[in-house]
Amino acid sequence: MNRVHIKTYGCQMNERDSEAVAALLRTRGYRIVDDENDCDILLLNTCSVRDFAEQKAIAKAENIAVRKRRRPEFVLGILGCMAQNRGAALLDLLPDLDLVVGTQKFHTVAGYLDNLRAARQAGIPLAQPIVDTAEEPGSQNALADHILADRQVTAFVSIQQGCDMQCAYCIVPKTRGDERSRPMDAIVAECRALAARGIREVTLLGQIVTSYGRRDYAHTGGISPFVQLLERIHAVDGIERIRFTSPHPRGFRDDLVAAYARLPKLCEHVHLPVQSGSDRILSAMNRPYSRERYLELVAALRTARPGLALSTDIIVGFPGETDADFAQTAALFAEADYDMAYVFKYSVRTGTPAEPLGDPVDEAEKERRNQELLRLLEENSRRHTAALLGTVQEVLVEGPDKAGRRYMGRTRINRVVHFPGTEEQIGRLIPVRIDRVTPAALYGETVPAQ
Ligand code: SAM
Ligand code: SF4
């Protein structure tokens with residue numbers, strides 16, 4: 001009765017939270033299993049950013065509830081953003097739920113499961129399901145454990161929770177709460193411990209990492225707390241690569257741009273969400289920068305680190321977005337020359353500043369705009385990929401690929417490369433000459449040492 005499967009929806013932050021919950025459950029005697037059909041406890045760690053994400057998790061929970069009715073001792077829980085967003089109201093939709101735990105209470109899951117199991121074993125029915133979506137000061141520090149697979153070489157490290165921005169479309173401030181940073185010493189210690197366990201690449205996670213520590217640490221010599229943190233992680237032996245997501249264009253100041261010229265472990269791939277290329281829509285979205293400032297930032301980054309790859313998030317169909325606004329977005333899209341982009345169709349979220357604006361751009365138009373950006377993206381991606389043919393790329397070797405015929409790893413700009421490798425290369429940075437490319441991956445041969 002102690003086999004737990006956690007199914008995760010949404011972003012890397014949710015993946016990291018699920019990993020931390022799993023690590024905690026393991027220390028409390030639970031077994032974490034990969035097969036959702038072979039578990040006693042199923043936890044859905046959910047996303048609320050768009051309605052579609054919520055509907056997917058609800059449909060899944062309804063499906064599992066059918067199974068639960070045949071096996072009453074089965075435990076079904078909803079964690080994370082949708083739990084926080086909807087709270088006890090989820091029970092009206094999903095009366096079979098046992099547990100609803102919000103984003104500041106992940107660390108309580110083990111205790112609640114212990115109680116549920118004890119009650120079941122004693123044959124005592126619980127009066128009602130457990131719902132805990134309270135705020136908890138310091139909750140950003142509650143979970144720092146990792147579950148690492150055998151010879152894992154990359155890891156996510158959460159540096160911050162919540163967000164104080166008020167982007168008009170966004171539900172994150174409601175689901176994740178106020179911006180709270182973890183102490184720098186704790187993050188650096190976590191990176192050191194990860195390096196000692198074989199991790200070579202860390203991705204620092206937060207909703208707005210450029211604001212990291214702004215209330216807790218002073219700028220020193222014009223260097224922001226976030227860049228101070230990067231410098232300290234850069235000094236950790238064993239950590240060879242550093243990535244982060246997501247920065248905000250407003251907080252992406254000169255000290256961070258300059259870091260790309262002086263911190264070689266900082267990978268030359270920046271995810272820089274733009275959301276729209278129209279100043280009018282950026283202002284309606286409450287995104288405090290202009291398209292000009294954004295493009296200046298892109299140019300500065302490319303000067304600081306030639307070859308830098310850029311990705312972004314874009315929303316199409318925000319209320320009031322006209323054809324002319326969208327044309328600006330498409331033009332910016334081409335000018336910024338993105339390697340990768342996540343294009344989202346606007347979804348109204350209850351309780352956000354934009355909710356009263358409704359959803360005036362019709363679905364067919366949103367889809368047309370979405371397809372146009374995807375087409376531009378495909379062209380860009382094909383061109384960028386073709387340019388890699390014949391180059392030698394530094395690859396961090398992760399292990400055998402899924403087919404088991406080759407090894408795989410990632411380049412500094414996060415492209416997957418398949419090549420004939422060896423077990424000893426896992427965790428090492430090796431040069432690979434790219435001799436074949438497909439839209440999804442690169443193929444190559446290792447370059448012999450000179
Ligand atoms: N904190 C990050 C930032 O500031 O860019 C990302 C937060 S959100 C989890 C990820 C992306 O979802 C956003 O960048 C935005 O493009 C998209 N998104 C957020 N709210 C949305 C909405 N209501 N409809 C469509 N897309 C949305
Ligand atoms: Fe949402 Fe804006 Fe905060 Fe990103 S910066 S999480 S889009 S409110």
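Each chain has its residues counted from 1, running along the sequence as written. Going through the entries in the order they are written, you letter the chains from A and number the ligands from 1. Only residues with pLDDT of at least 70 are given local features in this predicted model, and only at 80 or more are side-chain atom pairs given and counted; all residues enter the totals for whole chains, interfaces and linings. Think of the side-chain values as coming from all heavy atoms in the structure, minus any hydrogens and water.

Draft legend 1. Summary view of the nonpolar core. Residues enter a nonpolar core if they are buried and are Ala, Val, Leu, Ile, Met, Phe, Trp, Tyr or Cys, with the set joined through side-chain atoms within 4.5 Å. Burial classes follow relative accessibility: with a 1.4 Å probe on protein chains only, a residue under 20% of its type's maximum area counts as buried, one over 50% as exposed, and anything between as partly exposed. Counting 58 residues, the largest nonpolar core has Val202, Leu204, Ile233, Phe244, Phe252 and Tyr260 as its most contacted members. The contacts of Phe244, once residues within four sequence positions are left out, are Thr203, Leu204, Val209, Phe226, Leu230, Phe252, Leu256, Tyr260 and Leu266. Ile6, Ala20, Leu43 and Phe106 belong to the second-largest nonpolar core, a separate cluster that totals 23 residues. We call two residues contacting when some pair of their heavy atoms lies within 4.5 Å.

Draft legend 2. Region of interest: the sheet that holds strand β17 (residues 416-419). Two strands pair under a simple rule: DSSP has to find at least two bridges between them. Working definition: helices are DSSP H or I runs of at least four residues, strands are E runs of at least two. Numbering for both runs from the N terminus. Pairing in this closed barrel of five strands is mixed, and the strands run β15-β16-β17-β19-β18 around the ring. For this sheet, the mean angle separating the axes of adjacent strands, direction not counted, is 50 degrees. When strand β16 (residues 407-410) meets β17, the two strands line up antiparallel, connected through four bridges. In the strand pairing of β17, Gly409 is matched with Val417. As a rule, the C-alpha atoms of each element are fitted with a line to give its axis, helices using only the stretch in contact, and angles between N-to-C directions run from 0 to 180 degrees.

Draft legend 3. View of the environment of Phe244. Considering the arrangement of structural elements, one finds Phe244 in strand β11 (residues 241-245). Separated by 23 residues in the primary sequence, Phe244 and Cys267 place their C-alpha atoms 9.2 Å from one another.

Draft legend 4. The site of ligand 2, seen in detail. Surrounding ligand 2, one finds Cys163, Met165, Cys167, Tyr169, Cys170, Val172, Pro173, Gln207, His248 and Arg287. Here the shell around ligand 2 is built from residues that sort into seven nonpolar, two polar and one charged. When at least one non-hydrogen atom of a residue lies within 4 Å of a molecule or strand, that residue is treated as near it. Residue polarity follows a fixed list, in which Ala, Val, Leu, Ile, Met, Phe, Trp, Tyr, Cys and Pro are nonpolar, Asp, Glu, Lys and Arg are charged, and the others, Gly among them, are polar.

Draft legend 5. Local environment of the pattern of salt bridges. The salt bridge definition used is simple: a Lys or Arg side-chain nitrogen within 4 Å of an Asp or Glu carboxyl oxygen. Within this structure, the stated rule accounts for 44 salt bridges. Measuring nitrogen to oxygen at the nearest pair gives 2.3 Å for the salt bridge that ties Asp164 to Arg215. With a gap of 51 residues between them, Asp164 in the loop between β8 (160-161) and α6 (172-176) and Arg215 in the loop between β10 (201-205) and α8 (225-234) connect regions that are remote in the sequence. Under the relative-accessibility criterion, Asp164 is labelled partly exposed at 27%. By relative accessible area, which is 53% here, Arg215 ends up exposed. Between Glu363 and Lys345 there is a salt bridge, with its nearest N and O atoms 3.2 Å apart. Here the residue Glu363 occupies a position in helix α13 (residues 363-388), and Lys345 occupies one in strand β14 (residues 340-345), the gap between them amounting to 18 residues. Linked through salt bridges whose partners overlap, the residues forming this network are Glu201, Arg241, Arg243, Glu268, Arg305, Glu394 and Arg412.

Draft legend 6. How the structure looks around the sheet that holds strand β7 (residues 154-158). Here we have three strands laid out as an open sheet, ordered β7-β10-β11, and parallel in their pairing. Every other strand in the sheet has two partners, leaving β7 and β11 as the edge strands with one partner each. In this sheet, neighbouring strand axes are inclined to one another by 25 degrees on average, regardless of whether the strands run parallel or antiparallel. In the sheet, β10 pairs with β11 via five bridges, with the strands oriented parallel. Its bridge partner being in β11, Glu201 is matched across the sheet by Arg241. Contacts from helix α1 (residues 12-27) reach β7, β10 and β11 within the one sheet, and its direction differs from that of β7 by about 95 degrees.

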